[in-house]
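Secondary and tertiary structure notes
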Amino acid sequence: MTISQSPEQIKKPTLRVIPLGGLHEIGKNTCVFEYGDDLMLVDAGLAFPSDGMHGVNVVLPDTSYLQENQRRIRGMIVTHGHEDHIGGIPHHLKNFTIPVIYGPRLAMSMLEGKMEEAGVTDRTVIKTVNPRETVQVGQHFKVEFIRNTHSIADSFSLAITTPVGVIIFTGDFKFDHTPVDGEYFDIQRIAHYGERGVLCLFSDSTNAELPGFTSPERAVFPNLARHIGQAKHRVILTTFASSTHRVAMILELALKYGRKVGLLGRSMLNVISKARELGYIRCPDDLFVPIKQIRDLPDRETLLLMTGSQGEPLAALSRISRGEHPQVQVKPTDTIIFSASPIPGNTISVVHTIDRLMILGAKVIYGKGEGIHVSGHGSQEDEKLMLALARPKYFVPVHGEHRMLVAHAKTAHSMGVPPDHTLIIDNGDIVELTCDSIRKGDTVKSGIELLDASRNGIVDSRVLKERQQLAQDGIVTVLAVISMDGHITAPPRINLRGVVTTADHYKMTSWAEKEIIWILDNRWKQLTRNIEGKVPEVDWVGVQREIEVAIQRRLRRELQVEPLIICLVQPAPIGTPEYKGSVQSETDNRIAVRNRIARDTSTKESTRSREVVRLNVPPTDDIITTSSTTSIPAKVGTDLEFEIPVGRTRRRRSAALS
Ligand SMILES: [Zn+2]
Ligand SMILES: [Zn+2]
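Residues numbered from 1 in each chain as written. Chains lettered and ligands numbered in written order. Predicted model: local features only at pLDDT ≥ 70, side-chain atom pairs only at ≥ 80, totals over all residues. Heavy atoms only, no water.

1. Some thoughts on the environment of E383
As a reminder of what qualifies: Numbering of helices and strands runs from the N terminus; a helix is a DSSP stretch of H or I covering at least four residues, while a strand is a stretch of E covering at least two. Burial classes follow relative accessibility: with a 1.4 Å probe on protein chains only, a residue under 20% of its type's maximum area counts as buried, one over 50% as exposed, and anything between as partly exposed. Should any heavy atoms of two residues lie within 4.5 Å, those residues are considered in contact.
Relative to the assigned elements, E383 resides in helix α13 (residues 380–390). Residue class for E383 comes out buried when judged on its relative accessible area of 0%. Considering only alpha carbons, one finds E383 and S203, 180 residues apart in sequence, at a separation of 7.8 Å. The residues touching E383, leaving out its near neighbours within four places in the chain, are D204, S205, N207, A208, G378 and H408.

Now the structure itself:
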């Protein structure tokens, strides 16, 4: 929705707000504020891969816009320490400079750990802030940090004063009037800005579809207490490591019921040590016992707190459920508590983990009915309270999937924000705000960047597509020997891995052969350059691509499969005798192929008696590959031995290409 603009209005001083992540999704929240020559970032998170993103560890927003404009970046504001708000920063620092990052103590301490790991500590300056502290970013932004309540301690909403007016950026929040750490939502401050006039509210939409208020964090305490109190043997408990309030309550209960705590999972150890260091979690040192020693204590005196509440394959509880953990095995007497609900997308792995734990005989407590988890995000009534306090002129729902944004906009309309004062935007959209207008402007480049397990390597769209093809339909390699004057000198050799097909090997070979011959008959001229008196120049990479595409098309048509095709071409010198193809010598070749299949599956002894032809290839010629991401390192020697049907050539032992 846009508001029509007169040319005079367009010239007015304009604030541009550009979300690069976090919209139409939950995760990788990254937002850009721009005025004049100043550019300020608010949060830079990551998201976790969805199904089909094989080998992808984390998902980040495309930051080409920031890289192009890095000269204008004046600083960054962090609202709180969740991965979907700070997880992208260490990687971004490798690509562009952020002069200064302001944020709460806990988030900054977690970020420093991540930056150390990534080796980028020298790329920025970290500054911690206190509630109600105001920082100046560039010439045009004044940012006040307003304490809010959320599932992690030390979380903030922001009041951003800009030349066109005040923006309230809620960050993640719910209204929790009995916070576990006693740090209350600074509602007065939001009301203060509301009283003076807020131009636009950008508000968390995660639970916009849920009616009512979100329960306070304390609501889970009696239920956790009951389950831990009633357990006669060992208690195993899992939650998000970053849910510091939940962790604090669990530790309090362990102390109350005389149980020593063993911690498992890197992030659990990390966050607890940071939160204790900064005083967000208080408990005696001797509450904790190293996992190796806790086994010596009676079960009824122990509680294991670990990662794995989302069924992540490598997390502690998932490994325990598979019997793969070196230190902890499930006992039928265990009580296992899931104090978290699965993030959409993780449901299947979570239920499988629960199943495995139950099969091992443990008592597993999970699910909404148990009252052992509450969300850290406000529901409709929390969102209404925020709208009522801020009383914004314009409203933009953020931090949510599309339907959540729509629901949140409806809530705003029900509170008197006119529909044409509300914008539903996507990543990369530019929100243009003047003192009396809001509109959706152009877009900037947005998208995703996928990192592999090392968090350094980028999995680009081509690699991802190849992995998906490999996983779904397998791989076909085709080896073709083609002479410099454009004919095949041996039958193509086909290898299948992971391909389910009704076609036999002979049929596959004959399809490949037909496609190669067709390309050589029809496309050879375009793929070569003849220079008078010289050996023709052949675009071998082009030849391979054409063969790959043709075979791909053929397999899609004939078998309805789309495996990854890799074609390797071995060039042969001019004058190498032409192989006429199975089309011309059907009977002979079929026998030959059958013989070859039989030989392929037989013992080493019989491999020795393969029929091969030795091709004379100049020493500099390599086998050329196109689809493979890495080239084949082994150089093919002067003589390349290659299999062809029985009876065509002299006998030799197969070597290079078996
Ligand atoms: Zn959060
Ligand atoms: Zn968030």
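2. A closer look at the coordination of the zinc ion (ligand 1)
The expected angle between donors at a tetrahedral four-coordinate metal is 109.5 degrees. At an octahedral six-coordinate metal it is 90 or 180 degrees. As a reminder of what qualifies: Any N, O or S atom lying within 2.8 Å of the metal counts as a donor, and for Na, K and Ca the limit rises to 3.2 Å; water is left out, so some sites can look incomplete. A four-donor site is called tetrahedral if each angle lies between 85 and 135 degrees; a four-donor site is square planar, and a six-donor site octahedral, when trans pairs exceed 155 degrees and the remaining angles lie between 65 and 115; all other cases are labelled irregular.
Protein coordination of the zinc ion (ligand 1) is provided by H80 (NE2), H82 (ND1), H150 (NE2) and D172 (OD), with donor distances spanning 2.1 to 2.3 Å. Taken together, the four donor atoms coordinating the zinc ion (ligand 1) and their angles of 90 to 161° define a geometry best described as irregular. In primary sequence terms, the donor set of the zinc ion (ligand 1) follows H-x1-H-x67-H-x21-D. Metal-to-metal, the separation of the zinc ion (ligand 1) and the zinc ion (ligand 2) is 3.5 Å; D172 coordinates the two. Taken together, the residues span a long stretch of sequence, with H150 in the loop between β9 (141–148) and β10 (155–162) and D172 in the loop between β11 (165–169) and α6 (187–196) at a distance of 22 residues. Judged by relative accessible area, D172 falls into the buried class, the value being 1%.

3. Overview of the nonpolar core
For clarity, the cut-off: As used in this record, nonpolar core signifies buried Ala, Val, Leu, Ile, Met, Phe, Trp, Tyr and Cys residues forming a set joined through side-chain atoms within 4.5 Å. Each domain's limits were defined by an automated method or a database of domain assignments.
Counting residues in each nonpolar core, the largest one holds 62 residues, and the members touching the most others are I89, L251 and L305. Counting the residues that make up this core, at least three belong to each of domain 1 (15–212 + 376–452) and domain 2 (217–368). Here L251 is in contact with V261, I281, C283, L287, F288 and L305, once residues within four sequence places are set aside.

4. Some points on the coordination of the zinc ion (ligand 2)
Bound to the zinc ion (ligand 2) are the protein donor atoms D84 (OD), H85 (NE2), D172 (OD) and H399 (NE2), situated 2.1 to 2.2 Å from the metal. Here the zinc ion (ligand 2) is ringed by four donor atoms whose angles at the metal span 89 to 159°, and the overall shape comes out irregular. Within one chain, the residues donating to the zinc ion (ligand 2) are spaced in sequence as D-H-x86-D-x226-H. Assessed through its relative accessible area of 14%, D84 is described here as buried. The exposure class of H85 is buried, given its relative accessible area of 2%.

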